[in-house]
Amino acid sequence: MRLSKAFIPTLKETPSEAAIPSHQLMIRAGLIRPLTAGVYSFLPLGYRVARKVMEIIREEMDAIGGQEFHLPALNPLELWEATGRVEAFGDILFQVKNRPLVLAPTHEEVICSIAKNHVRSYRDLPQIWYQIQTKFRNEPRPRSGVLRGRQFIMKDSYSLDATAEGLDHSYNLHAEAYKKIYTRCGLKFFVVGASSGAMGGTGSQEFMVESATGEDTVALCDNCGYAANLEIATSKVPRARRNGISLELKEIHTPNVRTIDDLARFLSVGTEVLAKSLVYKSDGQPVLILMLGNDQLNESKLKSVLPGTLEPMEPEELAARIGAEAGSIGPVGLRGFRILSDERLRGGNNLISGANRTHYHLANIDMERDVQVECFADLRTVQAGEPCIQCEKPLRIVNAIEIGHIFKLGTKYAESLSANFLDERGVERPIVMGSYGIGVERIIASYIEQNHDAAGIMWNKALAPFIVHLIAVNTDKEELLSASDELYKELQQVGISTLYDDRLDATPGFKFNDADLLGMPLQLIVGEKNLRYGNVELKDRRTSKRTIVKKQEVVDAILHFVKS
RNA sequence: CGGAACGUAGCGCAGCCUGGUAGCGCACCACGCUUGGGACGUGGGGGUCGCGGGUUCAAAUCCCGCCGUUCCGACCA
């Protein structure tokens, strides 16, 4: 492509709305342009990258036996009502105003409706169906450029199996394919155990890229490789103590003590003998949650114990129900509340918590003797430095970008849409499903987050929109321009994709800076001082290493680079 | 949805407080000059100052409402 004729609008200045490097560079390098909040146009250069990513995905999906579909983004509302997901998605689901249609945020429903009509027997299974298509989600707050948009390209696939073992196999095939895809894209990634969230199902893993700009938080063990989304991560923290004798309950006066830290200071005790009470409403019913010391409640974990709506109780309602302020709430003698406790408090005694009387706390609480706990569960959020659940080495907590998510769905969707098949014995059973997603834009943005410098992007060969950026430096010299033209033609003939900066009016500095910004892996620089001796210059964008090569030999050198 | 900021030429911004001619840099067009790290000179084109209402002789500027965008938080498959 000749740059003089190409539409590659580069910007010298950083657009004010872009706060993170990938977003800034994608706009500056002319890959994308914003249209409205969370919606971007791919410009030609950006779409070349997107196509490379999609082709890698396609090859690896085909390699595990995937069959490519192209499903409609417009779905009948009725189909989504059947699975209850109109309500589950709520405002995230775009609904068409003048027809009972929705814009699909994912395609389990459509897949099931096809399977229901055409998969009749266990002999038709297993299947892996996939597509690469635009998804629509009405995100309340789009941000970080293409990392969280309202419209984005997603590879989504669905496995259909007869049995749970079959699902395990399909799931593992996907996990392996995903690793190959990210590796080929040049991403440094890791896999974490994840929450299935609103998707439901029996297990899920996320593929993550460590990045300060990521919206997910992950606990990592550098020693043994344990990695889990903070939504489900656990650690080996000790339980609350249990002393020999449970002392008698005793009310203590604690004027103006509200927080756990205040209380520990006031009583000169460690926070590990204190039980914190949090009050929520689950489907409108009051629930008291007990946490040890300053442990932070993990709402994702709580939601898996308390499905349904969940909201913190307002202080006014709390005061009205208990007659005490939030800092003095406790589990003993509390009526009308379900009581849940974090696992860490199981069996503890001689603990201190609120007395349900403002300015008073209750000491010597025995969890077994004094508290009617409905259930114990892991409800706490892991903190950095805590011992790893597997090897007890300290955990790290990092931010990460989710670039893929795989789910074992089970029979949830097949059941609600009656997607059944007949097994070997002629018994009708629901299809066992898995669902798997990769965000195409997130791969691109994550790649840029990991591979840029002050000057711009540093593409690898796999994702680069062009392999070579050919720069004609002194365009006023006839012989120099014709030498560049010649090289451009030769590179085209041997199939090396080349962006050729043949602009007559741009100064050398302008061209060099554009080349660094656009970030093709190799820059081929044709300038007067080298050409005089029959040489040209090759610059490696990533290392900035320059080599002087004979003009006749440079195409071979580039071919060698491409094959290496 | 809560908190905050912003909206003036394609981009980055000033002007607003203290009302009276819409400005700067980059980009763009023409000509000249220049060619190894975002040149230079001369001339030029381009703006309903987000939208609507109000105050005023007069509004980019003051007041009210709306819309949009971004950031922090909540939320998040």
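Below, the discussion takes up the sheet that holds strand β20 (residues 375-377). Taking strand neighbours across the sheet as the criterion, the five strands line up as β16-β14-β15-β17-β20 in an open arrangement whose pairing is mixed. Taken across any chain shown, the strands that pair with only one partner, and hence form the sheet edges, are β16 (310-312) and β20. Strand after strand, the sheet turns through a mean of 35° between neighbouring axes, direction not considered. Pairing analysis gives three bridges linking strand β17 (residues 338-342) to β20, with the strands arranged parallel. Bridged to L340 within β20 is C375.

A few words now on the protein's contact with RNA strand B. Close contacts around RNA strand B come from 44 residues, with F89, R137, R141, N474 and R546 the closest. A breakdown of the atoms of RNA strand B within 4 Å of the protein gives sugar and phosphate a share of 44%. Contact distances for RNA strand B include 3.1 Å between a base nitrogen and a side-chain N or O atom of R143. Here a base nitrogen of RNA strand B and a side-chain polar atom of D516 are 2.4 Å apart. The set of elements that each furnish at least two residues to the surface near RNA strand B consists of α4 (85-89), α8 (299-305), α14 (508-518), α15 (528-531) and β30 (535-540). The greatest single-element share of the surface near RNA strand B, amounting to seven residues, is contributed by α14. Within the surface near RNA strand B, the residues separate by chemical class into 13 nonpolar, twelve polar and 19 charged.

Opposite charge on two side chains permits them to pair, given that their charged atoms come into close proximity. By the definition in use, this model includes 38 salt bridges. Salt-bridge contacts for R148 lead to E139; the nearest nitrogen and oxygen are separated by 2.8 Å. With a relative accessible area of 12%, E139 lands in the buried category. Residue E210 is joined to R396 by a salt bridge in which the shortest nitrogen-to-oxygen separation is 3.5 Å. Here E210 is found in strand β10 (residues 203-210), whereas its partner R396 is found in strand β21 (residues 396-410), with 186 residues between them in sequence. Overlapping salt bridges bring together E139, R143, R148 and E215 as one network.

As a packed pair, helix α1 (residues 21-28) and helix α12 (residues 440-450) sit with axes 8 Å apart at the nearest point and diverge in direction by 105°. As far as their axial angle goes, α12 and α1 are roughly perpendicular. When α1 is examined against α12, the residues P21, S22, L25 and M26 are found in contact with a partner set consisting of I444, A445, I448 and E449.

Here the focus is the pairing of strand β15 (residues 285-292). Across the eight residues that make up β15, a large majority, seven, are buried. Examined bridge by bridge, strand β14 (residues 275-282) and β15 share eight bridges and lie antiparallel to one another. Considered in β15, the bridge of S277 is made with L290. What sits between β14 and β15 in their antiparallel hairpin is a turn of two residues, with D283 showing a positive phi close to 50°. Note that β15 and β17 share four bridges and pair parallel.

So, how was this worked out
- Residues numbered from 1 in each chain as written.
- Chains lettered and ligands numbered in written order.
- Predicted model: local features only at pLDDT ≥ 70, side-chain atom pairs only at ≥ 80, totals over all residues.
- Heavy atoms only, no water.
- Pairing = 2+ DSSP bridges.
- Helix = DSSP H or I, 4+ residues; strand = E, 2+ residues; numbered from the N terminus.
- Axes fitted to C-alpha atoms, helices over the stretch in contact; angles between N-to-C directions.
- Near = heavy atom within 4 Å.
- Polar contact = N/O pair within 3.5 Å; in protein donor to acceptor, adjacent residues only side chain to side chain.
- Nonpolar A, V, L, I, M, F, W, Y, C, P; charged D, E, K, R; others polar.
- Salt bridge = Lys/Arg side-chain N within 4 Å of Asp/Glu carboxyl O.
- Buried < 20%, exposed > 50% of the residue type's maximum accessible area, 1.4 Å probe, protein only.
- Parallel < 35°, antiparallel > 145°, perpendicular 65-115°, else oblique.
- Contact = heavy atoms within 4.5 Å.

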